[in-house]
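# Report on the structure
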Amino acid sequence: MKTRSDIPLEASYSAPDGSGENPGEFPFTRGRKPNPHSGSWIQRELSGEGDARRSNEQIRYLLEHGQNGIDFIGDAATQSMLDPDHPLTRASVGTQGASLCRKQDYLELFEGVSFDGISVSTSVPAPFALAGLTLAAREKDFPLDQLRGSVLQPPLYMEDCAYAWHVPVEVRIRMALDSIEYCTRHMPRYYGYLEDTYFFAESGLTPVEEIALGFIQLRLIVRRMIERGVDVDSFAPRIAMLVDCGMDFYEEVAKIRATRRLYAKMMRDEFSAKNDRSQSLTITSHTSGLSLTAQQPANNIVRGTMQALSLIMGGVQALEISAFDEAFRTPSKEAHLLGLRTQQIADLESGVARVADPFGGSYFMEQLTDEMESRIRSRIDEIEVLGDAEELCRQGFFRDIFHRAMEDSHRLVENGELPIVGVNVHQLAEEDDTLLRDVASGKIDPVHEHTERVEKFRQSRDISKTCEGLARIKQAMQSSDNLVEAIVSAMDADATVGEIVTVIRRSVGIESDPFDQPLPEEM
């Protein structure tokens, strides 16, 4: 590597006397690997709109234009584990992501998409995403042990600040643990636990609070896996973290560096992980949707670019840029391509990723990293001394934190303490605010035809086979059988997500619930 003036560049730079930490060395403050990652971070954009067929078109379009990873999200119903023909979901099917409720949807989502050499990640509820990927891989005759990617796991916080699953916290934790075990057993190259701090950070949390709460949840999961008798080095190499990225440029770089350092110390010193890969955290990020505005949407392109640069300099392994039209809709084709091109320009033209941890050794950055680490650690200790995180969740402790953060964030914008260009400073009159608005404000209609297909599907399937699949779910819930394996069998027998979750709810004593899906024998 060299500059335009022919000045050669080292892979990284350290103190002349050789003292201090280097990239790729414990505690991995300066990065997981010793070499810079130009061209090797996963460049992708979040996909999902309408039904699986339309979402498949999005995925293939982005792959054709240089995307080297896939990340898909479900619509509100899918994220809440409801079917598109449920009375509560019909009016919004496919408007906020892809509608995915059955095996056929996953086969259509990945039709014509090769899993070879590409990662497939998702924020669809983990047990169902893993089951859908398993069935799609089988259809392609692609070996499960070669499948790469990650799946989000939000067991403690999902009910409080995102799409509610309407199942008790102990069931959500079991789903996470069973998902990790399933991946350890069948998908060893797949990240079966992606700690997602993004979605709850978007409630308005500070970066310190974001990472502290992420560690609270992650530490609970690691302890529970060890309590199950699973060796930490068998699953920890496939733990990752998806972080948010706001507009405080230097703090976001320091946050990533401090997170890697904290994780390495935690895994080695508290959980006795021996493997370097168990100690070096994979970090991915999605730039902040909360920072994007409906006013002057073209400004969001600049925001996404600034956030992407801080993430690249922090050394993340995968990156998605929130589309400039996110304040209005799921990404348009134009916004998708612009987000991807922003990453490609940063990678290929700017030279920003040619040197690992370029801020390493900066008095300012090192002190900021140390301060972030100290404050995150202190906040973790403050919360853990209050008791078990699962019980704190039941008491509404975390919900109160998120609600206060939302109120505080709103107040800062309202009183002008947090300047946002176009919102509380440098506004434009509505008639002048036209740049890119025609693209951003395009309407997405519900895909009612998909709902109709699902209704017909229920009538045409082999009901006896479906009932056998659902019986396997009940059996797993009443035993220690792996729930993901049972869900694979049930979905392969044409059970829908809504039906499976109804059996899960009833198995834990929730007999009558407005979120239930009528089971085949009740129709």
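Refer to the structure printed above.
Figured I'd write up the structure that's included with this text.

What counts, and where the lines are drawn
- Residues numbered from 1 in each chain as written.
- Predicted model: local features only at pLDDT ≥ 70, side-chain atom pairs only at ≥ 80, totals over all residues.
- Heavy atoms only, no water.
- Helix = DSSP H or I, 4+ residues; strand = E, 2+ residues; numbered from the N terminus.
- Rg over C-alpha atoms; globule rule 2.2 N^0.38 Å.
- Buried < 20%, exposed > 50% of the residue type's maximum accessible area, 1.4 Å probe, protein only.
- Contact = heavy atoms within 4.5 Å.
- Areas by Shrake-Rupley, 256 points an atom, 1.4 Å probe, with all protein chains shown as cover.
- 1 Å grid on protein atoms, 1.4 Å probe; cavity = no way out; pocket = protein on both sides within 12 Å on 5 of 7 lines; lining within 4 Å.
- Points joined across faces, edges and corners; volume = space filled by probe spheres on them.
- Core = buried A, V, L, I, M, F, W, Y, C linked by side-chain atoms within 4.5 Å.
- Salt bridge = Lys/Arg side-chain N within 4 Å of Asp/Glu carboxyl O.
- Pairing = 2+ DSSP bridges.
- Axes fitted to C-alpha atoms, helices over the stretch in contact; angles between N-to-C directions.
- Phe/Tyr/Trp six-rings, centres within 6.5 Å; stacked < 30°, edge-to-face > 60°.
- Lys NZ or Arg CZ within 6 Å of the ring centre and 35° of its normal.
- Parallel < 35°, antiparallel > 145°, perpendicular 65-115°, else oblique.
- Left-handed = near helix turned anticlockwise from the far one by under 90°.
- Nonpolar A, V, L, I, M, F, W, Y, C, P; charged D, E, K, R; others polar.
- Polar contact = N/O pair within 3.5 Å; in protein donor to acceptor, adjacent residues only side chain to side chain.

### Structural notes on the overall build of the chain
The helix and strand inventory of the chain stands at 21 helices and 9 strands. Since a compact globule built from 523 residues should have a radius of gyration of about 24 Å, the 23 Å found for the chain is in line with a globular shape. Burial status across the chain gives 58% buried among its 523 residues. Across the chain, every contact between residues at least 6 apart in sequence was considered, and the portion connecting residues at least 24 apart equals 78%. Taken as a whole, the chain presents about 21,300 Å² of accessible surface, with 50% of it coming from carbon and sulfur.

### Things to note about the layout of surface pockets
Quantified by volume, the largest pocket comes out at close to 1,100 Å³. Along the walls of the largest pocket sit 41 residues, with Gly204, Leu205, Leu290, Ser409 and Leu418 positioned nearest its centre. Of all elements in the fold, only α8 (207-227), β7 (239-245), α10 (249-270), α12 (299-314) and α16 (397-414) reach the threshold of two or more residues within the lining of the largest pocket. The biggest single contributor to the lining of the largest pocket is α16, with 9 residues.

### Things to note about the nonpolar core
Ranked by size, the top nonpolar core spans 74 residues in total, and within it Leu156, Tyr157, Leu213, Ile239, Phe398 and Phe402 carry the most contacts. Element by element, the count of residues in this core is highest for α8, at 11 residues. Setting aside anything within four residues of it in sequence, one finds Leu213 in contact with Tyr157, Phe200, Leu205, Ile383, Phe398, Ile401 and Phe402. Ranked by size, the runner-up nonpolar core spans 56 residues in total, among them Leu100, Leu107, Val124 and Val167.

### Here's the deal with the pattern of salt bridges
With the rule as written, the count across this model stands at 46 salt bridges. In this structure, the salt-bridge partner of Arg185 is Glu485, at a minimum N-O distance of 2.9 Å. Taken together, the residues span a long stretch of sequence, with Arg185 in helix α6 (residues 169-186) and Glu485 in helix α20 (residues 483-492) at a distance of 300 residues. Between Arg379 and Glu209 there is a salt bridge; the shortest N-O distance is 2.5 Å. Residue Arg379 is located in helix α14 (residues 363-384), and its partner Glu209 is located in helix α8; the two are separated by 170 residues in the primary sequence. Classification of Glu209 as buried rests on a relative accessible area of 18%.

### Concerning empty space enclosed by the protein
For the structure shown, the criterion picks out 3 cavities of 30 Å³ or more. The volume enclosed by the largest cavity comes to roughly 90 Å³. Looking at the largest cavity, the residues that line it are Asn300, Ile301, Gly304, Thr305, Ile321, Ser322, Ala323, Phe324, Ala335, Leu338, Gly339 and Thr342. Only α12 and α13 (333-348) provide two or more residues apiece to the lining of the largest cavity.

### Some remarks on the sheet that holds strand β4 (residues 119-122)
As summarised here, the arrangement of the 9 strands in space is β1-β9-β8-β7-β6-β5-β4-β3-β2, forming an open sheet in which the pairing is parallel. The sheet terminates laterally at β1 (42-43) and β2 (46-47), the two strands that pair on one side only. In this sheet, strand β9 (residues 318-320) lies alongside β1 in parallel orientation, the contact comprising 2 bridges. Its bridge partner lying in β9, Gln43 is registered against Leu319. Sheet contacts for helix α4 (residues 126-140): β4, β5 (148-153) and β6 (190-196); angle to β5, the most-contacted strand, approximately 155°. On the sheet, α12 packs against β7, β8 (282-287) and β9 and is oriented at approximately 170° with respect to β8.

### Points about the packing of aromatic side chains
Evaluated as defined, the whole model comprises 14 aromatic pairs. Their ring planes at 85° and their centres at 5.8 Å tell us that Phe115 and Phe142 sit as a pair that is edge-to-face. Of this pair, Phe115 sits in the loop between α3 (103-109) and β4 while Phe142 sits in the loop between α4 and β5, placing them 27 residues apart in sequence. Residue classification places Phe142 among the buried residues on the basis of a relative accessible area of 17%. Between Phe199 and Phe200 the ring centres are 5.4 Å apart and the planes differ by 80°, which places this aromatic pair in the edge-to-face class. Phe200 shares its class with Phe199; the two are buried. Three or more aromatic residues joined by ring pairs form one cluster here, namely Tyr157, Phe199, Phe200, Phe397, Phe398 and Phe402. Over the ring of Phe115 we find Lys140, and its NZ or CZ is 5.3 Å from the ring centre. It is Arg238 that lies over the ring of Tyr191; its NZ or CZ is 4.5 Å from the centre.

### Points about the packing of α8 against α16
Where α8 contacts α16, the two axes come as close as 13 Å, and the packing angle between them is 165°. Classified by the angle between their axes, α8 and α16 sit roughly antiparallel to one another. Regarding α8 and α16, the two cross each other, and that crossing is left-handed. Counted together, Glu209, Leu213 and Ile216 of α8 and Phe398, Ile401 and Phe402 of α16 form the full contact between these two elements. Residues belonging to the contact of α8 with α16 are distributed by class as follows: 5 nonpolar, no polar and 1 charged.

### Observations concerning α20
The buried count for α20 comes to 7 of 10 residues, which makes it a mostly enclosed element. For α20, the set of buried residues is Leu483, Val484, Ala486, Ile487, Val488, Ala490 and Met491. Looking at the buried side of α20, the elements it contacts are α3, α4, α6, α19 (463-477) and α21 (497-507). If you check the start of α20, you find a side-chain oxygen 2.9 Å away from the backbone N of Val484, and it comes from Asn482. Once α20 ends, the next one or two residues include Asp494, with phi positive near 75°.

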